[in-house]
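So you can see what is in the structure, the chains are spelled out below.
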Amino acid sequence: MSWGVNLMYYHCPDCGKKFKYAEDLIPYFQDRFGRCPACGAEGVFEKNGARTLDDFEYEEVED
């Protein structure tokens, strides 16, 4: 059984935005991985894993 893609959850220390990245996109985003999609600040890592109960609170970064 598969739980789907593994996600990394972050929040922005500058603007407060909550966002998530799929781990399989690390090669695509490279140095931008983990950065806030709104302001570009380095995100603060919160957790990783399959989708969590509060998943809807985080915007998925897809470029």
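Preceding block: the structure.
The sections below set out a description of the structure shown in this document. (Residues numbered from 1 in each chain as written. Predicted model: local features only at pLDDT ≥ 70, side-chain atom pairs only at ≥ 80, totals over all residues. Heavy atoms only, no water.)

**Remarks on the overall build of the protein chain**
Logical step 1: The helix and strand inventory of the protein chain stands at one helix and four strands.
Logical step 2: Listed N to C, the secondary structure of the protein chain is β-β-α-β-β in terms of helices and strands.
Logical step 3: Relative to the compact-globule value of 11 Å for 63 residues, the protein chain shows a C-alpha radius of gyration of 11 Å, a close match.
Logical step 4: Its C-alpha atoms give the protein chain principal-axis dimensions of roughly 40 × 25 × 15 Å.
Logical step 5: For the protein chain, with 63 residues in total, the buried portion stands at 30%.
Logical step 6: Expressed as a percentage of contacts within the protein chain between residues at least 6 apart in sequence, the contacts between residues at least 24 apart total 57%.
Logical step 7: A total of about 4,100 Å² of accessible surface is found on the protein chain, and carbon and sulfur atoms cover 51% of it.
Logical step 8: Of the side chains in the protein chain, 7 bear a positive and 13 a negative charge, and the two mean positions are spaced by 2 Å. (Helix = DSSP H or I, 4+ residues; strand = E, 2+ residues; numbered from the N terminus. Rg over C-alpha atoms; globule rule 2.2 N^0.38 Å. Buried < 20%, exposed > 50% of the residue type's maximum accessible area, 1.4 Å probe, protein only. Contact = heavy atoms within 4.5 Å. Areas by Shrake-Rupley, 256 points an atom, 1.4 Å probe, with all protein chains shown as cover. Lys, Arg positive; Asp, Glu negative; His and termini not counted. Charge placed at Lys NZ, Arg CZ, Asp CG, Glu CD.)

**So, the sheet that holds strand 4 (residues 59-60)**
Logical step 1: Pairing is mixed in the open sheet, where four strands are placed in the order 3-1-2-4. The open sheet terminates on both sides in strands that have one partner only, identified here as strand 3 (44-49) and strand 4.
Logical step 2: Of the strand pairs in this sheet, strand 1 (residues 7-11) and strand 3 are connected by five bridges, and their pairing is antiparallel. In the sheet register, Met8 faces strand 3, and the bridge partner there is Asn48. (Pairing = 2+ DSSP bridges.)

**A closer look at the packing of aromatic side chains**
Logical step 1: Enumeration according to the criterion identifies eight aromatic pairs in this entry.
Logical step 2: Ring centres of Tyr10 and Phe19 lie 5.6 Å apart, and the angle between their planes is 10°; this geometry places the pair in the stacked category. Both residues of the pair, Tyr10 and Phe19, count as buried.
Logical step 3: One aromatic cluster in this structure is built from Tyr10, Phe19, Tyr21, Tyr28, Phe29, Phe33 and Phe45.
Logical step 4: Its end group placed over the ring of Tyr9, Lys47 keeps NZ or CZ at 5.3 Å from the ring centre. (Phe/Tyr/Trp six-rings, centres within 6.5 Å; stacked < 30°, edge-to-face > 60°. Lys NZ or Arg CZ within 6 Å of the ring centre and 35° of its normal.)

These figures come from the coordinates and say nothing about function on their own.
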